[in-house]
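Here's the letter readout for the chains.
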Amino acid sequence: MSRPLSKVTGWALLIGLSFFLIGPLVNLLLWAFSSRWPYPSLLPEHWSLRWWRFVLQDHSIAHAVWASLSTAPVVTLLSVLLCLPAAYALSRLPVPGGRFWMISLLAINAFPKFGLYIAIATLFFRIGLIGTYWGVILIQLLGTVVFMVWIPKAAFDAVPRELEEAARDCGAKPLAVFLRVTLPIALPSIAIAAILAFLAAFDESQGTLIVGAPNITTMPILMYRLVSSYPQPVSAVFSVLLGLPSLTLLLLVRRSLLSGRLAAGFGV
Amino acid sequence: MTTLQAGARTQQEKRPIRAQLTGLLLVAPPIALLALLVAWPAVSAISFSLGLIPGNNLLFSQGLHLIRSDHPTFQVYKALWGQPAFRADLALTVGVALWSTLSICVLAYALALYTHFHRHRLATLLRSLYLVPMFVPVVIASYGLLLFFEGRGWLGSLIAQLGAPYRSPIFHQGGVVLGQVWQGIPFGVLLLGAGLEQIAPELLDAARDCGANIWTLLGRVILPLNWTGLLIVATFTFIGGMGSFTIPFLLGPNAPQLLAVEMNNYFGSFDQPQPAVAMAVLTFLIASLAGGLYVFATYRQRKL
């Protein structure tokens, strides 16, 4: 492609993509600060913070914030505790059928999500987990398992064996080698996996809806109700509140995502 | 062999066995989770949809229109298939998933190619841009798209200001495709981009030296080498489309509607878990067809 033509293509892609990807988000942000925005104005006619006051004082919203904060961090912690040792074992120990176990974890992604949630909910109904805290924890945990194993496994693989051997030669015990050599080198990738796990749990809106109902309403679940029964600015304000953690974390991990750690996690 | 040597060997053999056991023990928790939350529900869903109902369960047998049988029967499926509304839902769901897959593959491939072969500031900007959807919860994204693209949304306002008519895709299948594309771009570009990284630049230079233009390069060198990546993206996008609820719930049509929304109605509002589960099993089947196609294609490519 010639240089000017490639520049034109680039600009077209950039403008088209910004409009499509960012436009709806900016529009949503504007709605959060508007008190009157009649069709077909391109900007709100009146700006105000009154819907923020409304949202921040609403009890059901405080409850939802609490429901989210009491699940997502627990899910993240559990995911780390359950999956990290497995990732290490798959990388360093002669696990029989190791490759098979890795691949079989992908089965989670091979099921259409909502169908799987319906199947799980039916089962949870039978064993009394529907509408319970642990039911929700389990369903959110499911969405974190694949990358919590694959990404740290790739990270452990990338730790040079020579460094571990050198430490061992200096008399370090296996645990010390792990804690002072292997773990620190793999830590950035593990942190990214943990952040992704937190986001997956925090934003989970489909499994939680059917398994958590009617007792547990996390923030994304409340959003369904707000959308259908409140004026637009309320949902818009709530969207901003709900989206803030995600955007903050985006800025934290953006660089590593670009450097291909995530793709490594998918085995490409 | 002296006894000393033999002793040393059993010592060495013992250690791997212990390591193997430790390894299995450490791998067990996520695998157990897989068994508890995927294998068990899937198997029990299949048997439930075939009419095999555990008799001892009160909650389970309270659902309406329950078909109960001692031996596997396709009655639940037959009843579903007998409803024209269900057939329309099914066709719509598969159609939307196919359209989303096609759109995402084309768009993501264009983006991956552009950002791979250009290193200027524009390309860097694009690289940050296409990641954005990854960090926006799907509920927010769907609502944002709703306010932006609906009949009296921002785009509608803009077009009305220009004096042109606007037909909103929201609440039609176009709305669902729009949502799926919005959400699916980061995964597509990241995976396709990673595949492009693995193509040796020398290969492209050689082809260029032989006078290949960009399209020849794409069709004869890049695409054949990056085929697997494209298949992965297509398969997982299709499966994702078959299993997504939030986007069709907020942006999709009402009649016919997508299977996930219908499943939710049957499971919750209609109190008919059995047809809901049968629909879930059907989406598993359709997804496994797509998955099988992908496995077959990659297998053939490895053999070639």
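Residues numbered from 1 in each chain as written. Chains lettered and ligands numbered in written order. Predicted model: local features only at pLDDT ≥ 70, side-chain atom pairs only at ≥ 80, totals over all residues. Heavy atoms only, no water.

## Here's the deal with the overall build of chain A
Counting its secondary structure elements, chain A contains 14 helices and two strands. The dimensions of chain A, computed from C-alpha atoms along their principal axes, are 75 × 65 × 35 Å. Within chain A, residue pairs in contact and separated by at least 24 positions form 70% of the contacts whose partners lie at least 6 positions apart. Approximately 12,000 Å² of chain A is accessible, and the part contributed by carbon and sulfur atoms is 69%. (Helix = DSSP H or I, 4+ residues; strand = E, 2+ residues; numbered from the N terminus. Contact = heavy atoms within 4.5 Å. Areas by Shrake-Rupley, 256 points an atom, 1.4 Å probe, with all protein chains shown as cover.)

## So, the overall build of chain B
When you go through chain B residue by residue, the secondary structure sums to 13 helices and zero strands. Sequence-ordered secondary structure for chain B, helices as α and strands as β, is α-α-α-α-α-α-α-α-α-α-α-α-α. The C-alpha radius of gyration of chain B comes to 26 Å, more than 25% above the 19 Å expected for a compact globule of 304 residues. Seen along its three principal axes, the alpha-carbon backbone of chain B occupies a region of about 95 × 70 × 35 Å. Within chain B, buried positions represent 52% of all 304 residues. Considering only residue pairs separated by 6 or more positions, chain B has 68% of its internal contacts joining residues 24 or more positions apart. Of the roughly 15,000 Å² of accessible surface on chain B, a fraction of 65% belongs to carbon and sulfur atoms. Averaging the locations of the 17 positively and 10 negatively charged side chains of chain B gives two centres separated by 6 Å. (Rg over C-alpha atoms; globule rule 2.2 N^0.38 Å. Buried < 20%, exposed > 50% of the residue type's maximum accessible area, 1.4 Å probe, protein only. Lys, Arg positive; Asp, Glu negative; His and termini not counted. Charge placed at Lys NZ, Arg CZ, Asp CG, Glu CD.)

## Points about the interface of chain A and chain B
Chain A puts 88 residues into the contact, and the matching count from chain B is 92 residues. Buried surface at the junction of chain A and chain B, summed over both partners, amounts to about 8,400 Å²; 83% is from carbon and sulfur atoms. Inspection of the region where chain A meets chain B yields zero salt bridges. Seen at the junction of chain A and chain B, the total is 12 residue pairs in polar contact (both at pLDDT 80 or more). The element contributing the most residues to the side of chain A that touches chain B is helix α1 (residues 3-32) of chain A, with 19 residues. (Buried area = accessible area lost by both parts, 1.4 Å probe. Salt bridge = Lys/Arg side-chain N within 4 Å of Asp/Glu carboxyl O. Polar contact = N/O pair within 3.5 Å; in protein donor to acceptor, adjacent residues only side chain to side chain.)

## Considering the domain arrangement of chain A
Residues and elements named next belong to chain A. Along its sequence, chain A is organised into domain 1 (1-34) and domain 2 (59-265). Computed over C-alpha atoms, the centres of domain 1 and domain 2 are 31 Å apart. Tallying the contact residues gives five residues for domain 1 and six residues for domain 2. Interface area lost by domain 1 to domain 2 is led by Leu28, Trp31 and Ala32, which between them contribute 80%. At the junction of domain 1 and domain 2, the tally comes to zero salt bridges. Linking domain 1 to domain 2 there are zero residue pairs in polar contact (both at pLDDT 80 or more). Ranked by residue count, the leading element in the side of domain 1 that touches domain 2 is α1, at four residues. Residues that form the side of domain 1 that touches domain 2 fall into these classes: four nonpolar, one polar and no charged. (Domains from an automatic or database assignment. Nonpolar A, V, L, I, M, F, W, Y, C, P; charged D, E, K, R; others polar.)

## Describing the nonpolar core
Ranked by size, the top nonpolar core spans 166 residues in total, and within it Phe20(A), Ile118(A) and Ile185(B) carry the most contacts. Considering every element that reaches this core, the biggest residue donor is helix α3 (residues 84-117) of chain B, with 13 residues. For Ile185(B), the residues in contact, after removing those within four places along its chain, are Leu17(A), Phe20(A), Leu21(A), Leu107(B), Leu111(B) and Tyr130(B). One finds Phe156(A), Leu183(A), Ala186(A) and Ile190(A) within the second-largest nonpolar core, a separate group that totals eight residues. (Core = buried A, V, L, I, M, F, W, Y, C linked by side-chain atoms within 4.5 Å.)

## Examining the domain arrangement of chain B
Much of the literature gives interface size as the accessible area that the parts lose upon coming together. Residues and elements named next belong to chain B. Split into domains, chain B comes out as domain 1 (3-49) and domain 2 (82-303). The C-alpha centroid of domain 2 is placed 37 Å from the C-alpha centroid of domain 1. Each side of the interface is counted separately: domain 1 has four residues, and domain 2 has five residues. The tally of links between domain 1 and domain 2 comes to zero salt bridges. If you look at where domain 1 meets domain 2, you find one residue pair in polar contact (both at pLDDT 80 or more). Split by residue class, the side of domain 1 that touches domain 2 holds three nonpolar, one polar and no charged.

## Observations concerning the packing of α3(B) against helix α10 (residues 227-242) of chain B
Residues and elements named next belong to chain B. At a closest axis distance of 8 Å, the pairing of α3 and α10 adopts a crossing angle of 145°. Considering how the two elements wind past one another, α3 and α10 form a crossing that is right-handed. Seen from α3, the contacting residues are Thr93, Val94, Ala97, Leu98, Ser100, Thr101, Ile104, Cys105 and Tyr109; seen from α10, they are Leu230, Val233, Ala234, Thr237, Phe238, Gly241 and Met242. Looking at side-chain class alone, the contact of α3 with α10 contains 11 nonpolar, five polar and no charged residues. (Axes fitted to C-alpha atoms, helices over the stretch in contact; angles between N-to-C directions. Left-handed = near helix turned anticlockwise from the far one by under 90°.)

## Thoughts on α10(B)
The first and last C-alpha atoms of α10(B) sit 23 Å apart over 16 residues, in line with the 22 Å expected at 1.5 Å per residue. Residues of α10(B) that are buried include every one of Gly229(B), Leu230(B), Leu231(B), Ile232(B), Val233(B), Thr235(B), Thr237(B), Phe238(B), Ile239(B), Gly241(B) and Met242(B), and no others. (Expected span 1.5 Å × (residues − 1).)

## Describing the pattern of salt bridges
Residue and element names in this part refer to chain A. Applying the stated criterion across every chain yields a total of four salt bridges over all chains. Between Arg36 and Glu45 there is a salt bridge, with its nearest N and O atoms 3.4 Å apart. Judged by relative accessible area, Glu45 falls into the partly exposed class, the value being 42%. For the salt bridge of Glu164 with Arg92, the shortest nitrogen-to-oxygen distance reads 2.8 Å. Of this pair, Glu164 sits in helix α9 (residues 161-169) while Arg92 sits in helix α3 (residues 59-92), and the two are 72 residues apart along the sequence.

## Observations concerning the packing of aromatic side chains
Enumeration according to the criterion identifies 23 aromatic pairs over all chains in this entry. Ring centres 5.2 Å apart and planes at 80° place the aromatic pair Tyr133(A) and Trp134(A) in the edge-to-face group. Grouped by ring-pair contacts, the aromatic residues Phe19(A), Phe20(A), Phe148(B), Phe149(B) and Trp154(B) constitute a single cluster. Stacked on the ring of Trp51(A), the Lys or Arg Arg50(A) has its end atom at 4.4 Å from the ring centre. Over the ring of Trp81(B) we find Arg87(B); its NZ or CZ atom is 5.8 Å from the centre of that ring. (Phe/Tyr/Trp six-rings, centres within 6.5 Å; stacked < 30°, edge-to-face > 60°. Lys NZ or Arg CZ within 6 Å of the ring centre and 35° of its normal.)

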